[in-house]
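Residue-level structural notes
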Amino acid sequence: MPRPEQNTITLTIDGREVQAPENSMLVDAAKLGDVEIPVFCYEPKLGGPVGACRMCLVEIEGIPKLQTGCSTPVKDGMVVNTQSERVKTAQEAVVEFLLINHPLDCPVCDKGGECPLQDITFGWGGGISRFVDPKRHFVKPLELSPTIAIDRERCILCYRCVRFSQDVAEDNQLVLLERGAHSFVSTFDGHPYVAPFSGNIVDLCPVGALTSRPYRFRARPWDIEDAGSVCTLCPAQCNVTLTVRDERVLRVQARDHPEVDDGWLCDRGRFAYPALGGSGNGAEGGARITEPLLRDGGELRVVSWERALTEAASALKRAGDRSAGIVGGGATGEEGLLLARLLREGLGSANVDSRSAGTLALSIHHALSDPRLQATVSDLEFAHAVLVLEADPISDAPILDLRLRKGVRRHGMKLLQASVADLRERPAELAAELGQAGQEIVILWAERLTAGPDGEGNARALLELAESLALEKVTGAGLLEIPAGANGRGLREAGVLPNAAAGLRESRETGLDTQGIAAALAEGELSALLLFEADLLQAVSPELAERALERATTVVAHATFLTDALRAHASVVLPAQAYAEKEGTIVHPDGRLQRLRPAVAHPGETRAGWQVITELAARLELDLEVLTASMASRQLFDAVPFYAGLTLDEIGGRGIRWQDRPAAGAYRAEVPA
Amino acid sequence: MSAKLLFAGIDEPGLNTLEVYRRRGGYESLAKALAMTPEEVLSQLEASGLRGRGGAGFQMGKKVSFLPKGSIDKYLVCNADESEPGTFKDRELMQKTPHLLIEGLVIAAFAAGASRSFIYIRGEYVLQADLLDAALAEARAAGYVGENILGSGFSLSLIVHRGAGAYICGEETGLLDSLEGKRGNPRLKPPFPANEGLYKGPTLINNVETLATVPTIIRMGGEAYAKIGTETSTGTKLVSVSGHVRKPGNYEIELGIPSREIIYDLAGGPPEGRSVKCWFPGGSSAPVLGGDELDVPYDFDSLAKAGSMLGSGAIIVVDDSTPILDVALKVAKFYRHESCGKCTPCREGTSWTVEMLERIDRGEATPMDLEIMASVQDHIIGNCLCVLGDAMAMPIGSMIVKFKDEFEAQMVQRHVDAPQAAGAVAP
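Source: prediction; values computed, not measured.

**So, the overall build of chain B**
Check the secondary structure of chain B and you find 17 helices and nine strands. Compactness check: chain B gives a C-alpha radius of gyration of 23 Å against a globular reference of 22 Å for 427 residues, within 12% of the reference. Principal-axis analysis of the C-alpha atoms gives chain B an extent of 80 × 45 × 40 Å. Expressed as a percentage of the 427 residues in chain B, the buried residues total 56%. Long-range pairs, those at least 24 residues apart, make up 70% of the contacts in chain B with a sequence separation of at least 6.

Shown next, in the form of structure tokens:
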């Protein structure tokens, strides 16, 4: 269903005129006039208002009873009073009612200091309690799940968590049991709440009833600093706020971006952070590598940066054009660009790749990434129909699963799923089914569609389907690819492909792709491999990876963790940054450039990726002309014609789609032959 | 005095069967209605001035007219949950003359353009639901319900759905949620059921008695019906009288007669030697009126003017042998138990009120508690999601105002009587 149009109306709140979108809810409209109406249960992300907590009662001229601001759509000429004695009395009464059964032990509550109930009690409460009877008691705290603790005594029954489970994640696990003052949130039969998005209920809870077990009692709001960044654990690139205490990430929270994540976060993104911290030499397995390691007498031993870089550089130099580089999806565009330059200019090797799916003709890359054909994440929500093609959103880019559910539930979007076989064998049928729903059609496809010997044919079939539906001509329609790597799109655009230079321009020479590199190493045709935050075992078959690593003379790995393969085969291991430490840019699947910003300092001896590549290049007599992270970004923006003129400030905290900038005109749109 | 329209021949044996019902002129109104256009039927309903008999007293014809026009799927739901304490009139109607309800429902559905209908009957009414099912089977077989009713081209499906027993499922939107198979919680209004009700479709919800009155209106004509009763409370009303009266039961009265006539002349008044202390005019959620307010005419507006309401038409009489505290505690405990827990003032307010009343009962309260209790009732009224909170706060609030002295005296008395206060040692 297409996006609704909005008219602006004028209403009066507390004597001041406020301009607001017609039919927006009064509590939202009031904010536009700097008037805060307190709420607990209202959360538009969860769907329509429920009017349960009654905190937002206000007076509206012409209506005798007080109305809930959360559920009152504003109309032109409406006159609202949020400050009258009557409103004050009602709001104080609701606070008093809520506190009847709520423990008044804020100093020992983990939510204290960042608690909406605490804030609203101070702002709108009466200041005293007339309740002297015993409070309601529950056993507490209980494990709602391995990651979430529930304290039912603190619960004010706003149902946000239950609504999330039922109406957003649709896992239908959380329910309300009993009734009246005995109501409580639970799961069926007390089973643990295990679901891909369970952690969001901790962010949603307006009191200390639902807390993160890993974060519980680790810090107080005044001990911490928040740092905005972007999660690079998958291509969805959700915006996050990292809670930092003493240079350690202690918590990850969603940082609402309607065009990216809609304010949600998957449990992987939320709870994987303990892996970001720590330091060590990786010896104990799984731990972060924070010091350079060099193979010496069959063992990896800690060495100085100088030694590690020198050894790595001389080994690469020996290999020369018989070296290759593979860049993992977590690398930034800057790192990808610099690494590709190191290979191409420093070693004379065109063997550099960031995809594991195999080489695609450049013309196909051009067609697939054509700005006219690119759908956005919010298009998924408002499209008439979405085709999920050879993709599994819940594992490929989890947060998109919620967006698809939202589209179906709230906007009546028609959702179809198809495999590559459907695309090849019955494209006309698919097109007909999609076309029935309307013109705004988005095809959400995963990079694996283009893998293997049929990859190019599949890509052509996809482009033909898009053409038959005229997707490039319809606003709100298009293709959205889920790349295999988090920054898959950004790395391609930075030229980390065997057949393309930065900006998807033709490269002077065509090198081997990931599969080809592995095969050539296994055959002894290549001798050195540079793994930049990449795991060969995940890119090619384990047997081929094993043979390639075994046969390679030199394996230089830039990595955060020491895998078994690296422990067995790496010649030099250079400690890499985790995303919380990185500075640089990545590109969302829909073309949005987003900034990674360092939240914590580098642990141990870790250095920035751009710095490591630059120093390695210097030892190969190549001056990459990068002295700071922002110089690396500048170089990237200059190298990619359709990023031209971009600055880090322009990207800012919300990112910007390059297709929406004038420089997008520099994109070479070539129709595949 | 009593006027028999709904209850005409109510005690005739076998009236629950189609044969007897038809012999008494049953389903003639349906035939008459189907010969008219839906608009004509609707205009009769509007002319009758019939106000909903479930509790809110909203004009039935107007409610029907709120449904959107056109050929979209519309629903009619009959609220047979009859859960208001003291109310048992719908039970008698459904038990003794189920076809009257079915006939009225089909006519109303025709007027509203509804094609699917449900009777949501409270789970405890096992016998009545069985009888209704039997009557429905007869009506269906005779062509009064189903496809192309009486050859008119109008079709209506009707399902009797048994509730699982919660007061809140008598609240219209709670009923809809329950009917959809969900937890019976009231919904936020707007949207009103007329626009977005059952399965999000336009829905007309009416009480059993309201629908059962429809055949009479069609038979008599709306204007003739409107001449019965008062100008704004037309027609007759079934009143369930219970409590301290000698002849409790259902009585059909013409609206507007003095309440005293119902309590004393029809129901026989309180037992020998006792007097009316207070009475609930319209179920346990109506503010109580005192023994000195028996001459209030029994109709919607007069009762509202007296500070109470006609509600479901259930008069509960309390005589002077009962302490007001016990009445208040009984009422409050009922609403605490039945509060669904969705909105704050009702959930917390009902439970707090019970705790304060129990404290008085235990002899542990202070006069301040009475003030707090009164203000808690004020804080509940008008601030809740549905009317359940008000349904406790209005009667309790009225009791505190009308019987303040007695409450205070009882606080002292129960304190003196309490074993620990008197210093008594348990034997």
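**Things to note about the pairing of strand S9 (residues 314-319) of chain B**
Residue and element names in this part refer to chain B. S9 sits mainly inside the fold: five of its six residues count as buried. Strand direction decides the pairing type here: strand S5 (residues 236-243) and S9, joined by four bridges, are parallel. Within S9, the position partnered with Val241 by the bridge is Ile315. As paired elements, strand S7 (residues 276-280) and S9 share four bridges and run antiparallel to each other. By the bridge assignment, Phe280 is partnered in S9 with Ile316.

**Let's talk about the sheet that holds strand S17 (residues 352-353) of chain A**
All names here are of chain A. Read from one edge to the other, the open sheet built from seven strands follows the order S15-S14-S26-S25-S24-S16-S17, with strand pairing classed as mixed. Two strands close off the open sheet at either side, each with one partner strand: strand S15 (299-302) and S17. Bridging between strand S16 (residues 323-327) and strand S24 (residues 528-532) involves five bridges; their strand directions are parallel. In the strand pairing of S24, Gly325 is matched with Leu530.

**Some remarks on the nonpolar core**
One broad trend across soluble globular proteins is that nonpolar side chains are buried collectively. The biggest cluster of nonpolar side chains holds 345 residues, and the ones touching the most others in it are A:Leu444, A:Val573, B:Ala108 and B:Trp279. Sort the elements by how many residues they give to this core and helix H6 (residues 98-112) of chain B lands first, with eleven residues.

**Some thoughts on the interface of chain A and chain B**
Facing 26 residues of chain A, the contacting portion of chain B comprises 23 residues. A per-element tally of the side of chain A that touches chain B places helix H2 (residues 85-100) of chain A first, with six residues. Among the residues making up the side of chain A that touches chain B, the classes are represented as 16 nonpolar, five polar and five charged.

**Some points on the environment of A:Val108**
Summarising the element assignment, A:Val108 is placed in the loop between H2 and helix H3 (116-124). For A:Val108, a count of 9 C-beta atoms within 10 Å gives the class exposed.

**Details of helix H7 (residues 305-319) of chain A**
All names here are of chain A. Its 15 residues place the ends of H7 21 Å apart at the C-alpha level, agreeing with the 21 Å of an ideal helix rising 1.5 Å per residue. Restricting attention to buried positions, one finds in H7 the residues Ala308, Leu309, Glu311, Ala312, Ala313, Leu316 and Ala319. Looking at the packing, one finds that the buried side of H7 touches strand S14 (293-296), S16, S24, strand S25 (554-559), strand S26 (572-575) and helix H21 (609-618).

**Thoughts on the domain arrangement of chain B**
Residue and element names in this part refer to chain B. Per the domain assignment, the segments of chain B are domain 1 (18-226), domain 2 (236-319) and domain 3 (324-417). The C-alpha-based centres of domain 2 and domain 3 are spaced at 23 Å. Among the residues making up the side of domain 2 that touches domain 3, the classes are represented as six nonpolar, three polar and no charged.

**A look at the domain arrangement of chain A**
Residues and elements named next belong to chain A. The assigned domain composition of chain A is domain 1 (8-83), domain 2 (106-212), domain 3 (293-348 + 487-666) and domain 4 (362-482). The partner domain 4 presents 13 residues to the eleven residues of domain 3 that form the contact. Split by residue class, the side of domain 3 that touches domain 4 holds four nonpolar, four polar and three charged.

**Brief notes about helix H19 (residues 542-551) of chain A**
All names here are of chain A. Every buried residue belonging to H19 is among Ala545, Ala548 and Leu549, and all of these are buried. The buried side chains of H19 occupy one side of the element, clustering within an arc of 95° when seen end-on. On its buried side, H19 packs onto helix H17 (514-523), helix H18 (536-539), S25 and helix H20 (564-569).

Calculation criteria
- Residues numbered from 1 in each chain as written.
- Chains lettered and ligands numbered in written order.
- Predicted model: local features only at pLDDT ≥ 70, side-chain atom pairs only at ≥ 80, totals over all residues.
- Helix = DSSP H or I, 4+ residues; strand = E, 2+ residues; numbered from the N terminus.
- Rg over C-alpha atoms; globule rule 2.2 N^0.38 Å.
- Buried ≥ 20, exposed ≤ 12 C-beta atoms within 10 Å, placed from the backbone.
- Contact = placed C-beta atoms within 7 Å.
- Pairing = 2+ DSSP bridges.
- Core = buried A, V, L, I, M, F, W, Y, C linked by C-beta atoms within 7 Å.
- Nonpolar A, V, L, I, M, F, W, Y, C, P; charged D, E, K, R; others polar.
- Expected span 1.5 Å × (residues − 1).
- Domains from an automatic or database assignment.
- Arc of directions from axis to C-beta.

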